[in-house]
Amino acid sequence: MRIYKATDYNDMSRKAANVISAQVTMKPDCVLGLATGSSPIGTYKQLIEWHREGLLDFSQVHTANLDEYKGLTKDNDQSYYYFMYHNFFKDINIDMANTNIPDGTNPDGEAEGARYDQVVRDLGGVDLQLLGLGRNGHIGFNEPDEVFPKGTHCVDLQESTIEANKRFFASADDVPKQAYSMGIQTIMMARKILLIASGEDKAEALYNSLCGPITPHVPGSILQLHQDVVVVADEAALSKFNL
Ligand code: GLP
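Residues numbered from 1 in each chain as written. Predicted model: local features only at pLDDT ≥ 70, side-chain atom pairs only at ≥ 80, totals over all residues. Heavy atoms only, no water.

**Comments concerning the sheet that holds strand β4 (residues 67-69)**
So, step 1. One open sheet holds the three strands; their spatial order is β4-β8-β7, and the pairing between them is antiparallel. Only two strands of the sheet have a single partner each, and these edge strands are β4 and β7 (153-156). The average undirected angle you get between the axes of adjacent strands in this sheet is 30 degrees.
So, step 2. By the bridge criterion, three bridges tie β4 to strand β8 (residues 178-181) in an arrangement that is antiparallel. (Pairing = 2+ DSSP bridges. Helix = DSSP H or I, 4+ residues; strand = E, 2+ residues; numbered from the N terminus. Axes fitted to C-alpha atoms, helices over the stretch in contact; angles between N-to-C directions.)

The following block contains the structure:
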């Protein structure tokens, strides 16, 4: 595991974008695993800028997103499909047919999980998986639990996650209570993982994930077992580390 310390959110975003840019440049038809939330927005902005400058070509790239709220349609402005389209896809030359996100409108969680895992397998697996980190150590929407969930599955969101994500909704009551998420096995099968974190409120989760015991109570801790993890985090998020 390599940890890169950034000064702040912008520096983290630029450094993370460099890792993704290198991946796309070295393998133009790569599969990128993508994430939502406020952490990757700056990274996407930087990649869009480099694309506009003619430095990055996404025409052969395929993508597979980590998660989606259950019950939200693609045109719902809180869906992760909408997020990805408006924060990234619409501003780069990706073929939308090459983008994949769990289908929040499928009411059958088991069927959707099996379908999505097959999509990822058919792509040949993920080359580079971008990950944010929840304040409770969740990755994707894999919440702290007694076991590590394996494949893509339906998750009951924890109160703390609903609280953290309510800022994107009119009220906490509007936050969906369930989501579809890649499981830990799906995430761990990615050939390379890029974990980003910014801000003091991620410091404890980041420390516990990278330095604490490997336990499903801190889902991010499983990353200690992955052979190729790059962490890009700012000083505030790394404040519990002695770096
Ligand atoms: C959500 C997403 C995660 C994300 C996390 C942190 O729960 N499902 O993929 O990593 O929030 O979000 P943020 O980056 O906004 O702090």
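**Things to note about the sheet that holds strand β1 (residues 2-6)**
So, step 1. Ordered in space as β1-β10-β9-β6-β2-β3-β5, the seven strands form an open sheet in which the pairing is parallel. Edge positions in the sheet fall to β1 and β5 (99-100), since each has one partner strand and no second.
So, step 2. Pairing analysis gives two bridges linking strand β2 (residues 31-34) to strand β6 (residues 128-131), with the strands arranged parallel. Following the sheet pairing, Gly 33 is matched in β6 by Gln 129.

**What to know about the site of the ligand**
So, step 1. Taken together, the neighbourhood of the ligand is formed by 15 residues, with Ser 38, Ser 39, Asp 67, Arg 167 and Lys 202 sitting nearest.
So, step 2. The contact in question runs from a nitrogen atom of the ligand to an N or O atom on the side chain of Asp 67, over 2.8 Å.
So, step 3. Between Asn 165 and the ligand, the recorded distance is 3.3 Å, taken from a side-chain N or O atom to an oxygen atom.
So, step 4. In isolation the ligand offers 390 Å² of accessible surface; the protein chains occlude 98% of this area. (Near = heavy atom within 4 Å. Polar contact = N/O pair within 3.5 Å; in protein donor to acceptor, adjacent residues only side chain to side chain. Areas by Shrake-Rupley, 256 points an atom, 1.4 Å probe, with all protein chains shown as cover.)

**What to know about the nonpolar core**
General note: in soluble globular proteins, nonpolar side chains tend to be found buried as a group.
So, step 1. Counting residues in hydrophobic clusters, the biggest one holds 58 residues, and the most contacted among them are Leu 32, Leu 47, Phe 58, Phe 88, Leu 194 and Leu 206.
So, step 2. At six residues, helix α1 (residues 9-26) tops the list of elements feeding residues into this core.
So, step 3. Grouped together as the second largest cluster of nonpolar side chains are 10 residues, Leu 72, Tyr 80, Phe 141 and Val 155 included. (Core = buried A, V, L, I, M, F, W, Y, C linked by side-chain atoms within 4.5 Å. Buried < 20%, exposed > 50% of the residue type's maximum accessible area, 1.4 Å probe, protein only.)

**Here we look at a nonpolar patch on the surface**
So, step 1. The grouping of Met 1, Ile 3 and Leu 243 at the surface amounts to a nonpolar patch, some 280 Å² of accessible area in total.
So, step 2. Note on Ile 3: relative accessible area 30%, which makes it partly exposed. (Patch = residues over 30% accessible without salt bridge, like charges linked within 9 Å, V, L, I, M, F, W, Y side chains within 5 Å. Salt bridge = Lys/Arg side-chain N within 4 Å of Asp/Glu carboxyl O.)

**Let's talk about the packing of helix α2 (residues 41-52) against helix α3 (residues 80-87)**
So, step 1. Put simply, α2 and α3 touch, their axes get as near as 10 Å, and they point 35 degrees apart. Contacts from Ile 41, Tyr 44 and Ile 48 of α2 reach α3 at Phe 83, Met 84 and Asn 87.
So, step 2. A per-class count over the contact of α2 with α3 returns five nonpolar, one polar and no charged. (Contact = heavy atoms within 4.5 Å. Nonpolar A, V, L, I, M, F, W, Y, C, P; charged D, E, K, R; others polar.)

**Structural notes on helix α4 (residues 109-122)**
So, step 1. Over its 14 residues, α4 runs 20 Å from end to end, which matches the ideal 20 Å to within 8%, given 1.5 Å per residue.
So, step 2. Along α4, the residues classified as buried are Gly 109, Glu 112, Gly 113, Tyr 116, Asp 117, Val 119 and Val 120. Summarising the axial view, the buried residues of α4 lie within an arc of 150 degrees, below the 170-degree limit, and thus occupy one face. Along α4, the residues that are exposed and aim more than 90 degrees away from the buried face are Glu 110, Arg 121 and Asp 122.
So, step 3. Buried residues along α4 sit in contact with β3 (62-65), β5, β7, β8 and α6 (184-188).
So, step 4. A positive backbone phi angle near 90 degrees is found at Gly 124, which sits one or two residues after α4. (Expected span 1.5 Å × (residues − 1). Arc of directions from axis to C-beta.)

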